[in-house]
There are 2 protein chains.
Amino acid sequence: MNRAIGVIDSGVGGLTVAHELMRQLPKEKLIYLGDTARCPYGPRTEQEVKQFTWEMVSYLLEKNIKMLVIACNTATAFTLKDLQERLDIPVIGVIKPGARAAIKFTRNDQVGVIGTEGTIRSKAYSNALRKIKAKLQVYPLACPLFVPMVEKGILSGSHAKEVVEETLQPLIGNGMDTLILGCTHYPLLKDTIQEVVGDGVTVISSSEETARETSTILEVHDLLYNGDRNPTHQFYATGELKTFKKIANSIFKEGNDSFYEIEKVSITENQDAS
Amino acid sequence: MNRAIGVIDSGVGGLTVAHELMRQLPKEKLIYLGDTARCPYGPRTEQEVKQFTWEMVSYLLEKNIKMLVIACNTATAFTLKDLQERLDIPVIGVIKPGARAAIKFTRNDQVGVIGTEGTIRSKAYSNALRKIKAKLQVYPLACPLFVPMVEKGILSGSHAKEVVEETLQPLIGNGMDTLILGCTHYPLLKDTIQEVVGDGVTVISSSEETARETSTILEVHDLLYNGDRNPTHQFYATGELKTFKKIANSIFKEGNDSFYEIEKVSITENQDAS
């Protein structure tokens, strides 16, 4: 099955999902679309998120993708069910893979979830967790400073540690043995977060888990690529490329033999692709 | 979706998968069938394994199961593909979930796999791993003493540690950062194995990973139970119940609110169900 996996995100956060897909499914070709011109989606209305997401999906369907990964928590919360019903290819979001991993890892049924204010307010993780295992105790916490910090490239060091320590204070010592990174930016802070919460807490990257479940779903639908290849991936962004390229290069630099091309595109008539 | 998940195994090893299903999917009802009268399947011919597995599957299809879990490495190796093609319910085996988890966990692409002689000889794990990620270095090792030891209830202590240490010697210091427990009996030795291989190696239970993927596949097929219940599970065995009950009770004793009933049954005309 030669066709590519489509990955959409409001911006750069989904690049951590793309990176995990490259690492865990090295023969699969990716086509990524980040709507950087209109990100972040967090403060957008539901109507806007739905419309923007459909525009991204339409663009990737034209590229004949075999599966769609919604690598954005906000878009997952608002559009996953609808997309699963309307598309005739498999569709996966980032919320349930993280929830299922947490259920697997926790031994005391006490799970923390950190994310943007929008994701935490949506209760998407709490609902996904407790729908499967009602007796779970869930500790949600919004971490509004993490995304801006990651986008500035501050991932470790004393300043990062200070912000992480201060933000996560309400969770420290609460008894949780598992913490879900419920935002695709946060895996870039994983080492710092792990240091702050301590070795007794399993830190779950929803990006890693989404890539793992993409692998499962491709196999279930007999869609895995069966030959041998080192694919060249396509990355598209709707906004300026400078920051996008910088973050992509910093995420992809390690342990990665893949090639990728980055291009600015217009996905609506009003956007300027020049 | 009220219907039960069917779980088949040649004997008692699959009880670790059942336990993980109860833990990770506490609202789901299980119907388990262990062919204890004819186990182990390891030394059987392919023809026999196929026939016995079909007999178990037919018995569970009569119970109107919504999904089938093949909780036996030998049966997975010989029948998974065929069952996936012929049944109109989802079918999952124990090999690929463990392989996918290892690909997710390994950072240096060096993965050990331990299992029975039959499983190691079949190369099922090496093939599953390298089909997805060709550059993985796989270290397979048969551990023929582990199953008899577990079935005698020797799971920890100095004797267990000695046997595990001696058996795993060829893998120690080989550089692997991930080890797959490629036999459903082995999770009962996980603590001892972890101690022997050291904290630098992630030990993967294919039972935990199979339960996790069962959760994924039920959701993808919209087959999850949506209400609230504490189901009573049915366990059937074709042979004598004394050892079966003893092992079931020891596996299920911890952290489990479920009820279960154990019964001896005949699945062929020649077997005595009295």
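Residues numbered from 1 in each chain as written. Chains lettered and ligands numbered in written order. Predicted model: local features only at pLDDT ≥ 70, side-chain atom pairs only at ≥ 80, totals over all residues. Heavy atoms only, no water.

### Digging into the overall build of chain A
The helix and strand inventory of chain A stands at 11 helices and 10 strands. Counting only C-alpha atoms and orienting by the principal axes, one finds that chain A spans roughly 50 × 40 × 40 Å. Buried residues in chain A amount to 59% of all 274 residues. As presented, chain A carries roughly 11200 Å² of accessible surface, and 47% of it is formed by carbon and sulfur atoms. If you average the places of the 31 positive and of the 34 negative side-chain charges in chain A, the two averages end up 3 Å apart. (Helix = DSSP H or I, 4+ residues; strand = E, 2+ residues; numbered from the N terminus. Buried < 20%, exposed > 50% of the residue type's maximum accessible area, 1.4 Å probe, protein only. Areas by Shrake-Rupley, 256 points an atom, 1.4 Å probe, with all protein chains shown as cover. Lys, Arg positive; Asp, Glu negative; His and termini not counted. Charge placed at Lys NZ, Arg CZ, Asp CG, Glu CD.)

### Side note on the interface of chain A and chain B
If you look at the interface, chain A gives 35 residues, while chain B gives 35 residues. Both faces considered, chain A and chain B share a buried interface measuring about 3100 Å² in area, 44% of it formed by carbon and sulfur atoms. Contact with chain B buries area across many residues of chain A, yet Arg23, Lys104 and Arg212 of chain A alone supply 23% of it, more than any other trio. There are 13 salt bridges connecting chain A and chain B. With a shortest N-O distance of 3.0 Å, Arg212 of chain A and Glu213 of chain B are connected by a salt bridge. For the pair chain A and chain B, the interface holds 24 residue pairs in polar contact (both at pLDDT 80 or more). (Contact = heavy atoms within 4.5 Å. Buried area = accessible area lost by both parts, 1.4 Å probe. Salt bridge = Lys/Arg side-chain N within 4 Å of Asp/Glu carboxyl O. Polar contact = N/O pair within 3.5 Å; in protein donor to acceptor, adjacent residues only side chain to side chain.)

### Things to note about the relation of the copies chain A and chain B
You can overlay chain A on chain B at an RMSD of 0.0 Å; the transform is a turn of 180 degrees with a shift of 0.0 Å along its axis. One copy is carried onto the other by what is essentially a two-fold rotation axis. (Least-squares fit on C-alpha atoms with pLDDT ≥ 70 in both.)

### Focus on empty space enclosed by the protein
The tally for this structure, following the rule as stated, stands at seven cavities of 30 Å³ or more. In this structure, the largest cavity occupies an estimated 70 Å³ of space. Taken together, Leu80, Gln84, Val91, Ile92, Gly93, Lys96, Pro97, Arg100 and Ile217 of chain A together with Glu219 and Val220 of chain B form the lining of the largest cavity. Sorting the residues of the lining of the largest cavity by element identifies helix 3 (73-86), strand 4 (91-92) and helix 4 (95-105) of chain A together with helix 10 (206-220) of chain B as the ones contributing at least two each. Counting residues per element, the lining of the largest cavity draws most heavily on helix 4 of chain A, which supplies three residues. Class assignment for the residues of the lining of the largest cavity results in six nonpolar, two polar and three charged. (1 Å grid on protein atoms, 1.4 Å probe; cavity = no way out; pocket = protein on both sides within 12 Å on 5 of 7 lines; lining within 4 Å. Points joined across faces, edges and corners; volume = space filled by probe spheres on them. Nonpolar A, V, L, I, M, F, W, Y, C, P; charged D, E, K, R; others polar.)

### Describing the UniProt feature "binding site: substrate" (unreviewed entry) in chain A
Residues and elements named next belong to chain A. Within the UniProt annotation, "binding site: substrate" (unreviewed entry) is assigned to Asp9, Ser10, Tyr41, Gly42, Asn73, Thr74, Thr184 and His185. Across 177 residues, the annotated set stays spatially compact, with a maximum C-alpha separation of 13.6 Å. Residue Ser10 is classed as buried on the basis of its relative accessible area of 11%. For Gly42, the location among the structural elements is in the loop between strand 2 (30-34) and helix 2 (46-62). (UniProt positions renumbered as here; feature names shortened; annotations may be inferred.)

### What about the pattern of salt bridges?
Scanning all chains against the criterion turns up 39 salt bridges over all chains. One salt bridge in this structure joins Lys104 of chain A and Glu209 of chain B, with 2.5 Å as the shortest N-O distance. Separated into two different chains, Lys104 of chain A in helix 4 and Glu209 of chain B in helix 10 make up a pair that spans both. With respect to burial, Lys104 of chain A and Glu209 of chain B carry one shared label: buried. For Lys66 of chain B, the salt bridge goes to Glu28 of chain B, with nearest N and O atoms at 2.6 Å. Of this pair, Lys66 of chain B sits in the loop between helix 2 (46-62) and strand 3 (67-70) while Glu28 of chain B is found in the loop between helix 1 (15-24) and strand 2 (30-34), placing the two residues 38 residues apart along the sequence. Here Lys66 of chain B and Glu28 of chain B have matching classes, each one buried. By sharing partners, the salt bridges in this structure join Lys96, Arg100, Glu209 and Glu213 of chain A together with Lys104, Arg212 and Glu219 of chain B into a single network.

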